[in-house]
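Single-letter residue listing:
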Amino acid sequence: VLASQSPRRREILDMMMLKGKYTVETPPLDEGKAQRELSASAISPEEYTRKLAEAKAFSLAESHRDEQNVGGIPSLRIPIFYLGSDTIVEIDNKILEKPKDPEDAKTMLAIMSGRQHHVHTAVALFKLMGHEISLISSFTDTATVSFCNLSKETIDAYVATGEPLDKAGT
């Protein structure tokens, strides 16, 4: 089960020849609350990203486990795997999540213009077997990205497409 509504995550799984072998569900996680709690802790951006990916997958596995327990239904004895992921941008030790609105997207792009930043992507895989949820693996991978100088017109035109509104750091 892919714990994400991201079209890019589905594309990646499909490129891995997994099309039709997974389902997609939105995790029942209050992502804003989780982000605030993680931001308040003294952890690195890489750990922040990994913990958020883990929280997404775990929350979905937990909700499915709880659904199995309703009405005394016996738990399933086949494993179900939950894949969670998260991506953030880090610049100047500041985490950039998805922009709140077009103006926020423009601000983020202007900050990154002509500079390097880090893109942290985390993946977490959990297994639900019966009533037990276990973490199989989680990791964060980081890429360093260099932006050329972006003019205000270029930023405005890109934001007008709507494309940057569903991406961390646009």
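So, a few notes on the structure that sits alongside this text.

Definitions and cut-offs
- Residues numbered from 1 in each chain as written.
- Predicted model: local features only at pLDDT ≥ 70, side-chain atom pairs only at ≥ 80, totals over all residues.
- Heavy atoms only, no water.
- Axes fitted to C-alpha atoms, helices over the stretch in contact; angles between N-to-C directions.
- Helix = DSSP H or I, 4+ residues; strand = E, 2+ residues; numbered from the N terminus.
- Left-handed = near helix turned anticlockwise from the far one by under 90°.
- Contact = heavy atoms within 4.5 Å.
- Nonpolar A, V, L, I, M, F, W, Y, C, P; charged D, E, K, R; others polar.
- Core = buried A, V, L, I, M, F, W, Y, C linked by side-chain atoms within 4.5 Å.
- Buried < 20%, exposed > 50% of the residue type's maximum accessible area, 1.4 Å probe, protein only.

Re the packing of helix H2 (residues 31-40) against helix H3 (residues 45-68)
Relative to each other, H2 and H3 sit at 145°, their axes nearing to 10 Å. For the pair H2 and H3, the sense of crossing is right-handed. The residues of H3 that touch H2, namely those facing Glu31, Ala34, Gln35, Leu38 and Ser39, are Tyr48, Lys51, Leu52 and Lys56. Among the residues forming the contact of H2 with H3, the class breakdown is four nonpolar, two polar and three charged.

Details of the nonpolar core
Residues Val1, Ala3, Ala53, Ala57, Leu60, Ala61, Tyr82, Ala122, Ala124, Phe126, Leu128 and Ile133 constitute the largest nonpolar core, which totals 12 residues. Listing elements by their share of this core, those giving two or more residues are H3 and strand E3 (116-129). One finds Ala105, Leu109, Met112 and Ile155 within the second-largest nonpolar core, a separate group that totals nine residues.

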